[in-house]
Structures are given as structure tokens and as C-alpha cells.
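Below are the chains, spelled out letter by letter.
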Amino acid sequence: MPTEGTPAPDSPEVADAAGGLLGAYVHLPFCHRVCPYCDFAVTEGAEAAAVDRYLTALLMEIGAAPRRDPVDALFIGGGTPSALPPRRIGEVVDAVRDRVGLAHGAEVTVEANPEDLDDAQIEGLRAAGATRLSVGVQSFDDTVLQYLGRRHSSAEAERAVLLAVEAMPSVSVDLIFGSPPEEASAWQRSVDTALRLGIAHLSAYALTVEPGTPLGREVAGGSPGPDDDVGADRYEVVLALTDSAGLVRYETSNFAAPGRVCRYNLITWAQGEYLGFGNGAHRHVDGVRSWNLRGVERYVAAVTEGRSAVAGEEHHTGWSREVERVMLGLRRAAGVVPGVAGRALLESEAGAALLEAKVLARRDDRIAVTRPLLGDAAVRALLALAPRDC
């Protein structure tokens, strides 16, 4: 549990400190089943031979990484990392530790699905180095779970989260709101259930329809999709219930108890640096954002043949970097120091209207979005500004 005097999750102290930390993301693309709404770089199945080929390439990529300061937050995502045996997760953690280093007290998050979690799996993940589990529950309602193509039931999810909370230093639950069959009462029960289980962190995301996914094709063919007004109502429920449970919103979609923020995510929102390994993985180093080849086989071939796995990169300097800094910072409840772009936003007609509507607010030397459901309006106003000298 957090100690007395731990800074609040939404404090500027917590938000800004993350900018000086180093993160690392490792992508494990394997899923037992690909969900119909998923647009991530994933592959269905986790056969031992395919996992071996991929991990051989992944460990080669990590082993060739430039040496830097030790990593403060390692996030192992996917895909479904828990679909792999814990010893394989341990190989990844060891490779990062051996090549780049893990700082003392580093956060090591592993994404997991409820159907994979039993006592042995959880203990194996902890022995592999995990300090935090992010459990992809998505809903505690069976009708919604069926619509989302999930493999677990609500009862299995509840049992898995309880086991994780009992065994792990920190546990987060992911929920998705706004699917067409979801009733208001079912969403409230999902949030209530997650909080009742004693989690320290909750992530709540609106269902999005991505073109090219099975869900995207269904909606394009006339099936009902998420309703924005319903989604807004669901989000208000999250705000109310997390507040009652003592979890503080520190980012648009994320809520945490004191001392339990996701350090890796805070690094990204603070425009900090993070490494990226695996197919489709992104990184931000020395002002350059780059990303790896998305296809598993193309990635494996490139690495094992000694070629670069990088598919593209963007250089952010001057105005574009400053706009990105403010845009990312406005996602945080603590807001962001305005700088050139933030001052330009406040001086603009759109910015003045957002201040008047109390969507934006000045807080000491910072600006913040106070109505997160309308935060996109602030981002659009920011992106519409004419470039300035920085």
C-alpha cells in the first residue's frame, strides 16, 4: 500500500518527473484468438515453433541495442504475453536487464488475459520479474464479453483478478465501454466489480471501430456501432465510481491509487524517451520517433538476416515537437507547462472559447483540460495554430 505522503497520481510532481525516466516496450504478438475490434500487430496462435522463431529475433534485436541508462519502466505488451510460458517472459526481462539494464525498483508490467491466469502462471510471471500485471478483462458482463470476442467469462475474470491482487505488488484492469449490447447497469456492475476486487489501477477505454477489422466490416455493412452519447454517459460513471473508491484520474482514461500510476505510460505522456523491441514496436529516442515492421514474418526475417527492422521514422524539432509536448501533456490531469505552443493556444480565439467554457483552465504555471470528454477540442485547436518560432 502507498505510504503516507505519497504524491497524488494527478500531481504535477508525478507527471513531470516521468519525463526524466527511460521506458522500454517489448511486443509479443501472440494471441489465442484475435478479438474482432483489434487493430494491433498481432497473430493468432502461440505454437512453440513460431514462438521460438520470434523470440530468437526479438532477443537478437534487444542484444544489439545501444547501451543507455537503465530502464525505469519496462512494459511487455501484445498480443497476449500471458499466452507464453512465464520462462519465456523471463528471457525477455533478462535480455533487457543484461543489455540495457533495469534501474533499482524498476516497474515491469506484463499484459495478461484472465483465462491464462492461475496460481502457477501468476507466480511464474512474478518469478520472471513482473512487478505489475495489466489484466485485459474488458467487461464483467458475459453478453458484452461474447460481443467483444473474449475467451473468458465474467466469473473467470473475477477469479483471475482476485488471484493476481493476492499475489502481485500491483494489478491494473482494462475495461472497454460503449459496445452496442452493453446496458447501463451492466457497465456500472463492471466498474463496481473491478474496484471491489482491490485493484490499484483501472484503465477504461471507449470501444473504437477500426477499418479493416471484423468489427469495422460489420459496422460498415450496417450493424450498429458505438454511440458517442452513450459512451459519454459510461465515462461519467467511471469518473464517479473511481472517485468514490479512492482512485484518482491522472490521464484521460487512467485511474490509480497513490503510488500506483503506470510509470511507463507516464513516460510517454511526458514526451520522455522509450525504447521499442518487436514487430510493430514504437520508440522515441533523441527526438526521433521510429517504428518496426508490423508483420511478424517480415520482422523476423529482417532481424535474423542482419537487416534493420525499422519501417519508418519521424524527426520532431522546433514547433512540431513543442505542439506534441503540449498535446500529450493535456491528456494528463496535471496538465502541462504552456511554453510557446500552450501560450499560443491560450491567445487564440479557439483557446479563449475553451477557457470560457471551462474545458481548459489555468492552474498556477500550467494549463489543463478540466472536462476530459471535450479534450479533443483542445487538441484540434492546438493543431490548427500557425507555426511559431521555438
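Data block above holds the structure.
**Student:** For this particular structure, what's the right way to read the packing of aromatic side chains?
**Tutor:** How two aromatic rings sit relative to each other is set out by the distance from centre to centre and by the angle between their planes. A complete count under the given rule lists nine aromatic pairs for this structure. Geometrically, the ring pair formed by Phe 30 and Tyr 54 is edge-to-face, given 5.5 Å between the ring centres and 90° between the ring planes. You can see Phe 30 sitting in strand β2 (residues 30-31) and its partner Tyr 54 sitting in helix α2 (residues 48-63), a full 24 residues away along the chain. Comparing Phe 30 with Tyr 54 shows no difference in burial state: the two are buried. Plain terms: the ring middles of Tyr 54 and Tyr 299 are 5.6 Å apart, the flat faces sit at 40° to each other, and that makes the pair tilted. Of this pair, Tyr 54 sits in helix α2 while Tyr 299 is found in helix α11 (residues 296-304), placing the two residues 245 residues apart along the sequence. When sorted by exposure, Tyr 54 lands in the same class as Tyr 299, which is buried. Through pairs of rings, three or more aromatic residues link up here, namely Tyr 25, Phe 75, Tyr 264 and Tyr 274.

**Student:** Sorry if this is basic, but what is going on with helix α4 (residues 119-127) here?
**Tutor:** Think of an α-helix as 3.6 residues a turn; residues three or four steps apart then line up on the same face. Of all the residues in α4, the buried ones are Gln 121, Ile 122, Gly 124 and Leu 125. For α4, the arc enclosing every buried residue in end-on projection is 160°, short of the 170-degree limit, so these residues lie on one face. Away from the buried face of α4 by more than 90 degrees, exposed residues Asp 119, Ala 120 and Ala 127 are located. Packed against the buried residues of α4 are α3 (86-99), β5 (102-112), β6 (132-138) and α6 (154-167). Where α4 starts, the residue carrying a side-chain oxygen 3.2 Å from the main-chain nitrogen of Ala 120 turns out to be Asp 118. Just downstream of α4, Gly 129 is the residue with a positive phi angle, here 120°.

**Student:** Sorry, what's going on with α6 here?
**Tutor:** Compared with the 20 Å implied by 1.5 Å per residue over 14 residues, the 20 Å span of α6 between its first and last C-alpha is a close match. Within α6, burial applies to Ser 154, Ala 157, Ala 160, Val 161, Leu 163 and Ala 164. Elements in contact with the buried residues of α6: α4, β6, α5 (142-147) and β7 (170-177).

**Student:** Please explain the pairing of strand β16 (residues 366-369) as it appears in this structure.
**Tutor:** Along any regular strand, the residues point their side chains to alternate faces of the sheet. Burial along β16 is two-sided: the residues Arg 366 and Ala 368 and Ile 367 and Val 369 are all buried. Pairing analysis gives four bridges linking strand β15 (residues 360-363) to β16, with the strands arranged antiparallel. Bridged to Leu 360 within β16 is Val 369.

**Student:** Would you explain the nonpolar core in this entry?
**Tutor:** In a soluble, globular protein the nonpolar side chains are often hidden away together inside. Grouped together as the largest cluster of nonpolar side chains are 70 residues, with contacts concentrated most on Leu 58 and Leu 74. In this view, Leu 74 contacts Ala 24, Val 26, Val 93, Val 96, Leu 102, Glu 107, Val 108 and Thr 109; residues no more than four positions away in its chain are not counted. Counting 19 residues, the second largest nonpolar core, distinct from the first, contains Trp 319, Ile 367, Ala 378 and Leu 385.

**Student:** Which parts of the structure should I look at to understand a negative patch on the surface?
**Tutor:** On the surface, Asp 227, Asp 228, Asp 229, Asp 233 and Glu 236 cluster together into a negatively charged patch. With respect to the element layout, Asp 233 can be found in helix α9 (residues 228-245).

**Student:** Explain the pattern of salt bridges here, please?
**Tutor:** A side chain with one charge may pair with a side chain of the opposite charge, provided their charged atoms come close. Under the counting rule described, the total for this entry stands at 17 salt bridges. In this structure, Glu 273 and Arg 68 form a salt bridge, with 2.5 Å as the shortest nitrogen-oxygen distance. With Glu 273 in strand β11 (residues 273-277) and Arg 68 in the loop between α2 and β4 (71-78), this pair connects stretches of sequence that are 205 residues apart. The partly exposed category is assigned to Glu 273, whose relative accessible area is 23%. Across the pair Asp 94 and Arg 97 runs a salt bridge, and its minimum N-O distance is 2.8 Å. In this pair, Asp 94 and Arg 97 are both assigned in helix α3, three residues apart and thus about one turn of the helix distant. Look at Asp 94 and you get partly exposed, because its relative accessible area is 36%. The class for Arg 97 is partly exposed, based on a relative accessible area of 38%.

Criteria and cut-off values
- Residues numbered from 1 in each chain as written.
- Predicted model: local features only at pLDDT ≥ 70, side-chain atom pairs only at ≥ 80, totals over all residues.
- Heavy atoms only, no water.
- Phe/Tyr/Trp six-rings, centres within 6.5 Å; stacked < 30°, edge-to-face > 60°.
- Helix = DSSP H or I, 4+ residues; strand = E, 2+ residues; numbered from the N terminus.
- Buried < 20%, exposed > 50% of the residue type's maximum accessible area, 1.4 Å probe, protein only.
- Arc of directions from axis to C-beta.
- Contact = heavy atoms within 4.5 Å.
- Polar contact = N/O pair within 3.5 Å; in protein donor to acceptor, adjacent residues only side chain to side chain.
- Expected span 1.5 Å × (residues − 1).
- Pairing = 2+ DSSP bridges.
- Core = buried A, V, L, I, M, F, W, Y, C linked by side-chain atoms within 4.5 Å.
- Patch = residues over 30% accessible without salt bridge, like charges linked within 9 Å, V, L, I, M, F, W, Y side chains within 5 Å.
- Areas by Shrake-Rupley, 256 points an atom, 1.4 Å probe, with all protein chains shown as cover.
- Salt bridge = Lys/Arg side-chain N within 4 Å of Asp/Glu carboxyl O.
- Lys, Arg positive; Asp, Glu negative; His and termini not counted.
- Charge placed at Lys NZ, Arg CZ, Asp CG, Glu CD.

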